[in-house]
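Take a look at the letters that make up each chain.
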Amino acid sequence: MGKGAQNHGMKDSTSQASSTDHSVYAAWAKDVRECEEKYQVNREHGLSDSEVEKRLKIYGKNELEKHEGQSIIWLILDQFNDTLVRILLAAAVISFVLAWYDGDEGGELEITAFVEPLVIFLILIVNAMVGVWQENNAEKALEALKEIQSEQATVIRNGRKISSLPAKELVPGDIVELRVGEKIPADMRVLQLISSTLRVEQGSLTGESEAVGKSAKPVPEESDIQGKKCMVFAGTTVVNGNCVCLVTATGMNTEIGKVHSQIHDASQSEEDTPLKKKLNEFGEVLTMIIGCICALVWLINLKYFLSWEYVDGWPTNFQFSFEKCTYYFEIAVALAVAAIPEGLPAVITTCLALGTRKMAQKNALVRKLPSVETLGCTTVICSDKTGTLTTNQMAVTKLVAMGNRANAVRSFIVEGTTYNPSDGKIQDWPAGKMDANLQTIEKIASLANDAGIERSEKGYVASGMPTEAALKVLVEKMGLPAELDSGSSTGYIDIVAKSPVFSCLSFFPLLRCSETWNKLERRIATLEFDRDRKSMGVIVSASSGKKSLLVKGAVENLLERSTSVQLVDGSSVELDQRAKELILDNLNEMSRGALRVLGFAYKENPPEFTTYNGNEDHPAHDLLLNPTNYSSIESNLTFAGMVGLQDRPRKEVRQAIEDCRAAGIQVMVITGDNKNTAEAICREIGVFGPGEDISSKSITGKEFMELHDPKGHLAQKGGLLFSRAEPRHKQEIVRLLKDMGEVVAMTGDGVNDAPALKLADIGIAMGIAGTEVAKEASDMVLADDNFSTIVAAVGEGRSIYNNMKAFIRYMISSNIGEVACIFLTAAIGIPEGLIPVQLLWVNLVTDGPPATALGFNPPDKYIMKRAPRRSDDSLINAWILVRYLVIGFYVGIATVGIFIIWFTRDSFCGIDLSQDGHSLVSYSQLSNWDQCYSWQNFTVSPFTAGERVFKFDSDPCDYFRSGKIKAMTLSLSVLVAIEMFNSLNALSENESLLTMPPWVNPWLLLAMSVSFGLHFLILYIPFLAQVFGIVPLSVNEWLLVLAVAFPVILIDEILKLIGRWNDGAQEISKSSKHKAE
């Protein structure tokens, strides 16, 4: 079909494009000829330039879309969409307006008034900057996805081959040539294999642990992505062979384009973390409480700024005092400042940051701070298999060699899970004393092999086929036999022969044993693998000129072409039916264990190649050019043995699964690999028991999507397995689990995992084997790719949450005390004891160090023996609220009480307070201070505070305004001291300080010292004292502060005792109920 037919078929192409969103042409289910007709192209000629232009207009360029994120303005505004932030913003605006209004008075009031709104505004600006920075990093997964796309392609157009066409210019219908090592530029239908085989590494897209063989044969239309053997997908890599393909999908219509869309959709549906939800709920409740208290304060004090007379039953002659109204309005603002824990966001961020450092030491690299807390309430871990539960490195686990007679075999267990030759050994191995049969197996494994092993920053990595790399590692573990002490020109064999342990592992070259075999026998021809004979062979020539055919492949196929079997001593005997059955029994046993089995066979001096040395003029060379001759060449073989290979589970995983079970965390394995292999791995690592019936617990992704009650399936107890899972299957599983109220951690390393990583409550990517796409979509990256690291991180997350809960309760209880103080002041009508800037200092600075230090509380040793907390568990239950209301009420009484004591008493509890010379007033006078100007003969004497002397000769009533500075300082100092003592109470929710003394957390003692030091700083530096409206205190006054503050510890000890009694009663009740059941 040439150029003339191309334009003729344009209508079909257009109609196809218009329906792209509704139906997809199933090229994988059609014959090659049908595909060419559908896309109106001939593989020899390709598309014409004019046709390419038309299709570019219809399909667009072969590149992924760039989704426009929110504008910077909307991102900034979005940071203020938080209840606590809005309350703070309102308080700051009102404070600023009042400061402006009071600014006309100048002096000290002006300085003090403007500090408060400016500090609040600064907090909000920093918070917004951090939020915008996090949002801007959210879409990096989409950018990383673009980086894995191919940049160039070899295309046939206008009958000519273009070797470096930009891949973005590809259109459906283009004919593309693929070669080994190339990255595939689009989704394509294989038209023709140029080599005898084609294998593609597509694990990053599908989750398969091995490279997949491709062919041009159609497959059923309902095949999943792993089953589409005649399709190759954009972003994957050709590891073996060459072929000609037809482009069927480009850009966003490719499989990787669908992943791109799924990542974008998942990023749009990200939810707040459990803690953020709790804090938002707390903010809403706080708003109502603040509103009610402010209204109550205004109602109590309404008589002071609004009065009226009743005439004929109706209120008249209203008198309004604007000055007093603004005064009580300022009290309401002080209430708002007191009620809001302004330092809480900073302390939470600090605690989470410290948590990330601890996790980094355990190889868990946190990319998003809230993930630390989310880990603590994880209820389900959805784990990928390949690379997470397993090493993602093929390894030989069992070697079966022939015995001293035809119907006898020997088995050897091979240790190790990685490509590191030093990882493990072969059990019961005759090091240096290998018999002839073992030597033959080693020679075939070494020479019929094109793979290599290299050291890199990420450890040991394979080049070539993973199965062949595993065989190279086996050769190094086998070592060299002592008999090989001649024929090596390097002298290396002599060294090995004299070594007490004949192993190659201690020598610097990584594959020294394989190199030695390659020097002893030179490869002169290769019989490439193909899917029909399922084997690969090489012809080698020894230095003596002797030729050998060495073959590895599927055991059943090798047995069909074998006539004899090699024995221990190297001799061969006839392969009879009994021997064949014995070999097949061993093969079936290994297959049931999900091992991939390769057999080894050979033929000495193949007659056609006796004189062949690779010369193209030799008659045998023509035989090698035609792959159909390979089966006849590989006939009359001698069978030598076989090996079982597997992507082995990590050593630590089984214990980690048990830890998850003890911690009440369900483990679900979601993999793109086949069902049998996945089930065997799950049984080995303990997800399923050895004899457990898993017929209802192990299903494919496709079967899951067809279930009538998928939530019912997910609700099953114990482990679950989903094999052959595609990205959409993983997303649906995560979405349903979240709908069921579970907190889901999803692990993965491939492109196919990215959408589910983005959607999960916490996405966990692999740091070594993981793609950049997966890392950028994740919340956390595992530096060691180890599942057990996740479990350790969960334990750390639980500990961090418990510590966060401690300091959140501490800060909230402190704020309750501040609210109680302001409310009592307003309710009894005494002068204002604490001003907003002082409350702000306490909330932000003084409370900050102890709250942060509570994040260093030692973890509970039983933390991973308890079920995870539910995401809807409240931060503060009814009993805790009662406790902190009691504590808060005491804080209010103590701060207001010491204020009253200074004005009305010259001593308290034996502590002399008269040394400063201040005048005493009655409680009645203090509570009616606003009527001072009506009092007859009211005078006060001067008093000293530090080096300052306060006189009131001209206006005695100023004693209740500027003269209250000493009483305010005492109130502030009591508040600080109580909150320091209260931080000791927060060490444990119910444990007494006698059983959990303060020195269990030395950081808290240091933090208390810092907070007291900061308080002394503002007391004794004149400029700061002026800003905060306070004065220095004497020794006696400090004794009074401590005497009033210390009882908070005794009160909380009594409340903790009641709490322990209550918990004990509940445990007895639960135990009795359990026994009754």
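Residues numbered from 1 in each chain as written. Predicted model: local features only at pLDDT ≥ 70, side-chain atom pairs only at ≥ 80, totals over all residues. Heavy atoms only, no water.

## Quick notes on the overall build of the protein
Link 1 in the chain: Helix and strand content of the protein: 41 helices and 34 strands.
Link 2 in the chain: Of all 1077 residues assigned to the protein, the portion counted as buried reaches 56%.
Link 3 in the chain: A fraction of 72% describes how many contacts in the protein between residues 6 or more apart in sequence connect residues 24 or more apart.
Link 4 in the chain: Carbon together with sulfur atoms contributes 55% to the accessible area of the protein, which is approximately 45,600 Å² in total. (Helix = DSSP H or I, 4+ residues; strand = E, 2+ residues; numbered from the N terminus. Buried < 20%, exposed > 50% of the residue type's maximum accessible area, 1.4 Å probe, protein only. Contact = heavy atoms within 4.5 Å. Areas by Shrake-Rupley, 256 points an atom, 1.4 Å probe, with all protein chains shown as cover.)

## Here's the deal with the sheet that holds strand β27 (residues 720-723)
Link 1 in the chain: Taken in spatial order, the 8 strands of this open sheet run β12-β30-β29-β28-β13-β25-β27-β26, and their pairing is mixed. Among the strands making up the open sheet, the edge pair consists of β12 (364-366) and β26 (698-700). The mean angle between the axes of side-by-side strands here comes to 20 degrees, regardless of whether they run parallel or antiparallel.
Link 2 in the chain: Relative to strand β25 (residues 666-670), strand β13 (residues 380-383) runs parallel, the two being bridged by 4 bridges. Bridge pairing links C382 to M668 in β25.
Link 3 in the chain: Sitting on the sheet, helix α26 (residues 675-685) is in contact with β25, β26 and β27, with an inclination near 155 degrees to β27.
Link 4 in the chain: Lying over the sheet, helix α29 (residues 727-739) contacts β13, β25, β27 and β28 (744-748), oriented at roughly 165 degrees with respect to β28. (Pairing = 2+ DSSP bridges. Axes fitted to C-alpha atoms, helices over the stretch in contact; angles between N-to-C directions.)

## Description of the state of the cysteines
A covalent bond between the sulfur atoms of two cysteines is what we call a disulfide.
Link 1 in the chain: Under the definition given, this model contains 1 disulfide.
Link 2 in the chain: Lacking any disulfide linkage, C245 is separated from the closest cysteine sulfur, that of C243, by 3.4 Å. (Disulfide = S-S within 2.5 Å.)

## Structural notes on the UniProt feature "transmembrane region" (unreviewed entry) in the protein
Link 1 in the chain: As recorded in UniProt, the sites labelled "transmembrane region" (unreviewed entry) are residues 83-101, 113-133, 285-306, 326-354, 875-903, 999-1021 and 1027-1051.
Link 2 in the chain: Structurally, residues 285-306 comprises 91% helix and 5% strand, and the distance from its first C-alpha atom to its last is 30 Å.
Link 3 in the chain: Secondary structure content for residues 999-1021 is 83% helix and 0% strand, and the end C-alpha separation is 31 Å. (UniProt positions renumbered as here; feature names shortened; annotations may be inferred.)

## What to know about the side chain of N982
Link 1 in the chain: Residue position: N982 is located in helix α37 (residues 965-985).
Link 2 in the chain: You can call N982 buried: its relative accessible area is 4%.
Link 3 in the chain: Each residue touching N982, except ones within four places of it in the same chain, is listed here: Y810, S813, S814, I887 and V1048.

## Observations concerning the pairing of β13
Working note: regular strand, side chains alternate between the two faces of the sheet.
Link 1 in the chain: Taking every second residue as pointing to the same face, both faces of β13 are buried, with V380 and C382 on one and I381 and S383 on the other.
Link 2 in the chain: Where β13 meets β28, 3 bridges bridge the pair, whose relative direction is parallel. Of the residues in β28, the one forming a bridge with I381 is A745.

## Comments concerning the pattern of salt bridges
Link 1 in the chain: Enumeration according to the criterion identifies 25 salt bridges in this entry.
Link 2 in the chain: Close ionic contact of E255 with K258 constitutes a salt bridge, the shortest N to O distance being 3.4 Å. Here K258 and E255 lie together in helix α10 (residues 255-268), a separation of 3 residues that amounts to about one turn.
Link 3 in the chain: Owing to a relative accessible area of 36%, K258 belongs among the partly exposed residues under this scheme.
Link 4 in the chain: Between K651 and D423 there is a salt bridge, and its shortest N-O distance comes to 3.5 Å. Linking K651 in the loop between β24 (637-649) and α25 (653-662) with D423 in the loop between β15 (409-413) and α17 (436-447), this pair joins segments that are 228 residues apart in sequence.
Link 5 in the chain: According to the relative accessible area criterion, D423 is buried, its value standing at 12%.
Link 6 in the chain: Residues joined by salt bridges that share partners form a network here, namely R533, R561 and E634. (Salt bridge = Lys/Arg side-chain N within 4 Å of Asp/Glu carboxyl O.)

## Notes on empty space enclosed by the protein
Link 1 in the chain: Within the structure shown, the criterion is met by 5 cavities of 30 Å³ or more.
Link 2 in the chain: One number sums up the size of the largest cavity: a volume of about 50 Å³.
Link 3 in the chain: Together, M394, A395, V396, V414, T418, A470, V473, L474 and K477 line the largest cavity.
Link 4 in the chain: For the lining of the largest cavity, the secondary structure elements donating two or more residues are β14 (390-402) and α18 (466-478). (1 Å grid on protein atoms, 1.4 Å probe; cavity = no way out; pocket = protein on both sides within 12 Å on 5 of 7 lines; lining within 4 Å. Points joined across faces, edges and corners; volume = space filled by probe spheres on them.)

## Concerning unusual backbone geometry
Link 1 in the chain: The phi angle at N636 is positive, at roughly 55 degrees, despite the residue not being glycine.
Link 2 in the chain: As for its placement among the helices and strands, N636 is situated in the loop between α24 (630-633) and β24.
Link 3 in the chain: Even without being glycine, R724 reaches a positive phi, approximately 50 degrees.
Link 4 in the chain: Along the chain, the position of R724 falls in the loop between β27 and α29.

## Overview of the packing of aromatic side chains
Link 1 in the chain: All told, the structure shown has 23 aromatic pairs when counted by the stated rule.
Link 2 in the chain: Centre to centre, the rings of W935 and F938 are 5.2 Å apart; their planes meet at 75 degrees, and the pair counts as edge-to-face.
Link 3 in the chain: Taking the relative accessible area as the measure of exposure, W935 reaches 21% and is therefore partly exposed.
Link 4 in the chain: The buried category is assigned to F938, whose relative accessible area is 14%.
Link 5 in the chain: Geometrically, the ring pair formed by F943 and Y959 is edge-to-face, given 6.4 Å between the ring centres and 70 degrees between the ring planes. Note that F943 is positioned in strand β33 (residues 943-945) and Y959 in the loop between β34 (948-950) and α37, a separation of 16 residues in sequence.
Link 6 in the chain: Taken together, the ring pairs connect F899, W902, F903, W935, F938, F943, F950, F952, Y959 and F960 into an aromatic cluster.
Link 7 in the chain: The ring of W28 carries the charged tip of K228 above its face, separated from the ring centre by 3.7 Å.
Link 8 in the chain: In this structure, R883 is placed above the aromatic ring of Y884, and the distance from its NZ or CZ to the ring centre is 5.7 Å. (Phe/Tyr/Trp six-rings, centres within 6.5 Å; stacked < 30°, edge-to-face > 60°. Lys NZ or Arg CZ within 6 Å of the ring centre and 35° of its normal.)

## Let's talk about the sheet that holds strand β1 (residues 152-157)
Consider a sheet: its strands pair through backbone hydrogen bonds, and that pairing is either parallel or antiparallel.
Link 1 in the chain: Read from one edge to the other, the open sheet built from 6 strands follows the order β2-β1-β3-β9-β4-β7, with strand pairing classed as antiparallel. Where the open sheet ends on each side, the last strands, each with one partner, are β2 (160-166) and β7 (231-232).

## What about the side chain of K552?
Link 1 in the chain: By the secondary structure assignment, K552 is in strand β20 (residues 547-553).
Link 2 in the chain: A polar atom in the side chain of K552 sits 2.7 Å from the backbone oxygen of A448.
Link 3 in the chain: Within the structure, the side chain of K552 is placed 2.8 Å from the side chain of E468, a separation counted as a polar contact.
Link 4 in the chain: When sequence neighbours within four positions are dropped, the list of residues in contact with K552 reads I444, A448, E468, L471, S535, M536, L558, G599 and F600. (Polar contact = N/O pair within 3.5 Å; in protein donor to acceptor, adjacent residues only side chain to side chain.)

## Here's the deal with the packing of α37 against helix α40 (residues 1035-1045)
Link 1 in the chain: Direction vectors running N to C along α37 and α40 enclose 45 degrees, while the axes themselves pass 9 Å from each other. Our classification of the angle between α37 and α40 gives oblique. Here the hand of the crossing between α37 and α40 comes out right-handed. Residues K966, L970, S973, V974, A977, I978 and F981 of α37 pack against E1037, W1038, V1041, L1042, V1044 and A1045 of α40.
Link 2 in the chain: Taken together, the residues of the contact of α37 with α40 break down into 10 nonpolar, 1 polar and 2 charged. (Parallel < 35°, antiparallel > 145°, perpendicular 65-115°, else oblique. Left-handed = near helix turned anticlockwise from the far one by under 90°. Nonpolar A, V, L, I, M, F, W, Y, C, P; charged D, E, K, R; others polar.)

## Details of the confidence of the model for the protein
Link 1 in the chain: Averaged over every residue, the pLDDT of the protein is 80; the share at 70 or more is 84%.
Link 2 in the chain: Within the model, the stretch residues 1-22 combines pLDDT values under 50 with 32 contacts to residues more than four positions away or in other chains.
Link 3 in the chain: Overall, residues 485-503 carries pLDDT values under 50, and its contacts beyond four positions in sequence, including any with other chains, amount to 32 contacts. (pLDDT = per-residue confidence, 0-100.)

## Observations concerning the pairing of strand β4 (residues 187-193)
Link 1 in the chain: Of all 7 residues in β4, 6 are buried; the element is thus mostly enclosed.
Link 2 in the chain: Relative to strand β9 (residues 243-249), β4 runs antiparallel, the two sharing 6 bridges. Paired with V190 across the strands is C245, a residue of β9.
Link 3 in the chain: For β4 and β7, the ladder comprises 2 bridges, and the chain directions are antiparallel. Within β7, the position partnered with M188 by the bridge is V232.

## A few points about α17
Link 1 in the chain: Here α17 is 12 residues long and its end C-alpha atoms lie 16 Å apart, about the 16 Å a rise of 1.5 Å per residue gives.
Link 2 in the chain: Counting buried positions along α17 yields 11 of 12 residues, so the element is predominantly enclosed.
Link 3 in the chain: Buried within α17 are the following residues: N437, L438, Q439, T440, I441, E442, K443, I444, A445, S446 and L447.
Link 4 in the chain: Taking the backbone nitrogen of N437 as reference, a side-chain oxygen 3.1 Å away marks D435 as the first, capping residue of α17. (Expected span 1.5 Å × (residues − 1).)

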